Structure formats: structure tokens, C-alpha cells
Amino acid sequence: MIAFVSNTHYLKVKNFEKNVLLLKSTNSPNLVFFSKKNKQARFSPIKMQKNEEESSGNKSTILDFFQEVKDEIKMIEWPALDRVLKQFVIVVISLVFSALFIFSIDGLFAAGNKILFEGNF
């Protein structure tokens, strides 16, 4: 398979591969790859928490599950409120235009139906 890739995309991929190799060369389990808004790759140390119970093979409880969910939600990069509002307005405007388009097409088909099958001109 042949893929056509722009030069800037190729450089970004090469930069990413270089950073991954850097991560592998450190051999540290405490480093995790993150991506910022400006798409610059960086490595950030985080604390890996393992309970002795989990490492020994004991089952985790439902409280552990919810704690992990809470930790994962904290790591999400949520969009800013102004961006959410802009996207909401775009969706509502698109919805209105789509509804008007479908309504007008339906009216044209209804008029065509009357002309063809009922004989009303």
C-alpha cells in the first residue's frame, strides 16, 4: 500500500518516533506519554500506585473501581466553555437548516404526488 504524506506530517511522525525511543531507552515504568494542546510531545512522570493486595492477586473492590474512574476523569482534558458554546450553536444552526431542507423536499414531493396521482394542477 502506498501512502502519500505531507512533509510536515512526516516530520511530526519522526519526532513522535524519536520521543517514543527516548521513553523506551529510560526503562522507567513511571513515565507516561502525554500530548498538549499545541501538539508538542512531552514526557511527564506520574506516580504508579499499586497496592500490595492488587499485586498479590486479590480481587479489587467496587470502591477501587470508582477511585480509578475518578482518577481517569481527572486526566481528561475538557474543552473550554466558549468552545462548547460555539459548537452547540453550530449544531443547532445545522439542525434548523437540515429540518428546513427536509421540510421543503417533503413539500415538493407532496405537490408532485397531488399533480401526478390526483390530477390537481
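Note that the structure is a prediction, hence the values are computed from the model and not measured.

**Q** Please set out the overall build of the chain residue by residue, giving values where relevant.
**A** Helix and strand content of the chain: four helices and two strands. Along the chain direction, N to C, the helices and strands of the chain fall in the order α-β-β-α-α-α. When the 121 residues of the chain are sorted by exposure, 2% land in the buried category. Across the chain, contacts joining residues at least 24 apart in sequence account for 9% of those joining residues at least 6 apart.

**Q** Provide a residue-level description of a nonpolar patch on the surface, including the pertinent values.
**A** A cluster of nonpolar residues, I62, L63, F65, F66, V69, I73, I76 and W78, forms a patch on the protein surface that exposes about 840 Å² of accessible area. Take I73: it is sitting in helix α3 (residues 62-74).

**Q** Break down helix α4 (residues 81-118) for me, with residues and values.
**A** Between its first and last C-alpha, α4 extends 54 Å over 38 residues, near the 56 Å set by a 1.5 Å rise per residue. Downstream of α4 by a residue or two, G119 has a phi angle that is positive, lying close to 75°.

**Q** Which residues make up the confidence of the model for the chain, and what values do they have?
**A** The pLDDT averaged across the chain works out to 77; a share of 64% of its residues lies at or above 70. Ranking the helices and strands of the chain by mean pLDDT puts α4 first, with 96, and helix α2 (residues 52-55) last, with 48. Across residues 38-45, confidence stays below pLDDT 50; counting only partners more than four residues off in sequence or on other chains, it has 19 contacts. For the stretch residues 47-54, pLDDT sits under 50, and the model shows six contacts to residues farther than four places along the chain or on other chains.

Calculation rules
Residues numbered from 1 in each chain as written. Predicted model: local features only at pLDDT ≥ 70, side-chain atom pairs only at ≥ 80, totals over all residues. Heavy atoms only, no water. Helix = DSSP H or I, 4+ residues; strand = E, 2+ residues; numbered from the N terminus. Buried < 20%, exposed > 50% of the residue type's maximum accessible area, 1.4 Å probe, protein only. Contact = heavy atoms within 4.5 Å. Patch = residues over 30% accessible without salt bridge, like charges linked within 9 Å, V, L, I, M, F, W, Y side chains within 5 Å. Areas by Shrake-Rupley, 256 points an atom, 1.4 Å probe, with all protein chains shown as cover. Salt bridge = Lys/Arg side-chain N within 4 Å of Asp/Glu carboxyl O. Expected span 1.5 Å × (residues − 1). pLDDT = per-residue confidence, 0-100.

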